[in-house]
Every structure is written in structure tokens, then in C-alpha cells.
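Residues per chain are reported as follows:
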Amino acid sequence: VMSESLANFSGLQVVEATYGKEQVGLLLQMWRDDYEVPRMWYMNSLLQANDPFLGYRKGVMALYALTHYTQQEDINSALRQLVIRHGSGKPPLPNTLDLYRELKAVIPDSLHTLVSDYFEKNLYWQMKTDQVEAEPINAKSWKVTLRVKAKKYIIDSTGADIPQPLNDWIEI
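Residues numbered from 1 in each chain as written. Predicted model: local features only at pLDDT ≥ 70, side-chain atom pairs only at ≥ 80, totals over all residues. Heavy atoms only, no water.

Peer 1: Whenever I open this one, the overall build of the protein chain confuses me. Can you help?
Peer 2: Helix and strand content of the protein chain: six helices and three strands. Traced from its N-terminal end to its C-terminal end, the protein chain shows the element sequence α-α-α-α-α-α-β-β-β. If one aligns the C-alpha atoms of the protein chain with their principal axes, the spans along those axes are about 60 × 45 × 30 Å. A total of 172 residues make up the protein chain; the buried ones form 34% of that total. Put simply, of all contacts in the protein chain between residues at least 6 apart along the chain, 55% involve residues at least 24 apart. Accessible surface for the protein chain amounts to roughly 10,900 Å². Of this, 54% is attributable to carbon and sulfur atoms. Here the protein chain carries 18 positive and 21 negative side-chain charges, and the mean point of each set is 2 Å from the other. (Helix = DSSP H or I, 4+ residues; strand = E, 2+ residues; numbered from the N terminus. Buried < 20%, exposed > 50% of the residue type's maximum accessible area, 1.4 Å probe, protein only. Contact = heavy atoms within 4.5 Å. Areas by Shrake-Rupley, 256 points an atom, 1.4 Å probe, with all protein chains shown as cover. Lys, Arg positive; Asp, Glu negative; His and termini not counted. Charge placed at Lys NZ, Arg CZ, Asp CG, Glu CD.)

Right, here's the structure in full:
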């Protein structure tokens, strides 16, 4: 997480600044596709990451997702502070707990539950569109109604789904 998630997050920002959000979307979709590959769903949280998937995929997606709820500059500020505190290259080297503390320091209290969901838990969201209706409002606008089934759950060490309350803003 500390090397690959941070490197990929920085790279994602360069892609966005250079090529735009559409290219970022394509890159994120490639990373999301890894979730579709059959694998054991139970993993440690990002705070206890010991699997390459977490560092190369889940960590960068968590960081990028946070930029949709707060300013990207807030996330970058946390990363700058991490470098200031631990950038000497000498022990003690930063770890995921240090990153987590820096993120919580710059993110509004109202979003701490979300940060906890991303970093402290092996948490997943599952969404499925059941029904779509579209009707024209005028020559340039449509009213689109989606019926979406969504669930939020933790997968425990036995592989069991533990439902969680879903009271989250979800980008469609």
C-alpha cells in the first residue's frame, strides 16, 4: 500500500491532468476488472495489507474515491505531510497507520466513517441496476429513473458476508 498505492495514485493524477477524466475512467475500469477475477474475497484491511492486490488496486481506488468526497488537494496535503514526517528514508519508515492518521487529519470529521470503511475493514459494495426508465422532458433533456439494488458488506475471515448499514452517497 505504501509504495504501490501511493505511486499509482500519483500516476492517476498525472493521467487526469494530462489526458482528462475519460482516460482516468478507463484506467480505473481496468483496475476494477480485477475484482471480477475469481479469488478469495477475504483479505486483510488496507491498514493490515499483505497482499499485492491491496497495494496495486484497492489502495489506489480508495484514495481516488476519497477525492470525490473531499478536495483532491486535501489528499495531496496528507501525502505531503507524510513525506515531511517520514521522508528521510531512515527508520522508522511510514506505514499504513501513518497514512491513515494523515488522511484523517485533513478529511472533515463527517467523512471519517468513510475513511474507516476504506481502510479499516474488508468492505465491499455491490450494486445492480434492476430497472431503467427514460422519458424525454424536452428536445435536449431526459428524465432517467434507475431502480438500483445496493448492498454493503464485510467479508470475514471465514468468507461470510456480514451486512452493513448502507447510508452512503453512491456515484451512479
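Still more ground to cover, so stick around.
Peer 1: Sorry, what's going on with the side chain of serine 116 here?
Peer 2: If you trace the backbone, serine 116 turns up in helix α6 (residues 112–120). Given a relative accessible area of 12%, serine 116 falls into the buried group. Residue contacts for serine 116: discarding those within four places in its chain leaves Tyr100 and Lys121.

Peer 1: Quick question: what am I supposed to make of the packing of aromatic side chains here?
Peer 2: This structure, assessed with the given rule, holds three aromatic pairs. An angle of 75 degrees between the planes, with centres 5.7 Å apart, marks the rings of tyrosine 118 and tryptophan 125 as edge-to-face. Since its relative accessible area comes to 11%, tyrosine 118 is described here as buried. Of note, lysine 58 hangs over the ring of tyrosine 124, and the distance from its end group to the ring centre comes to 4.5 Å. Directly above the aromatic system of tyrosine 153 lies the positively charged group of lysine 151, at a separation of 4.7 Å from the ring centroid. (Phe/Tyr/Trp six-rings, centres within 6.5 Å; stacked < 30°, edge-to-face > 60°. Lys NZ or Arg CZ within 6 Å of the ring centre and 35° of its normal.)

Peer 1: Explain the side chain of aspartate 98 here, please?
Peer 2: When you line up the elements, aspartate 98 lands in helix α5 (residues 96–106). Polar contacts involving the side chain of aspartate 98 include one to the main-chain amide nitrogen of asparagine 95, which spans 2.9 Å. If we skip the residues at most four places from it in the chain, aspartate 98 touches Leu82, His86 and Leu93. (Polar contact = N/O pair within 3.5 Å; in protein donor to acceptor, adjacent residues only side chain to side chain.)

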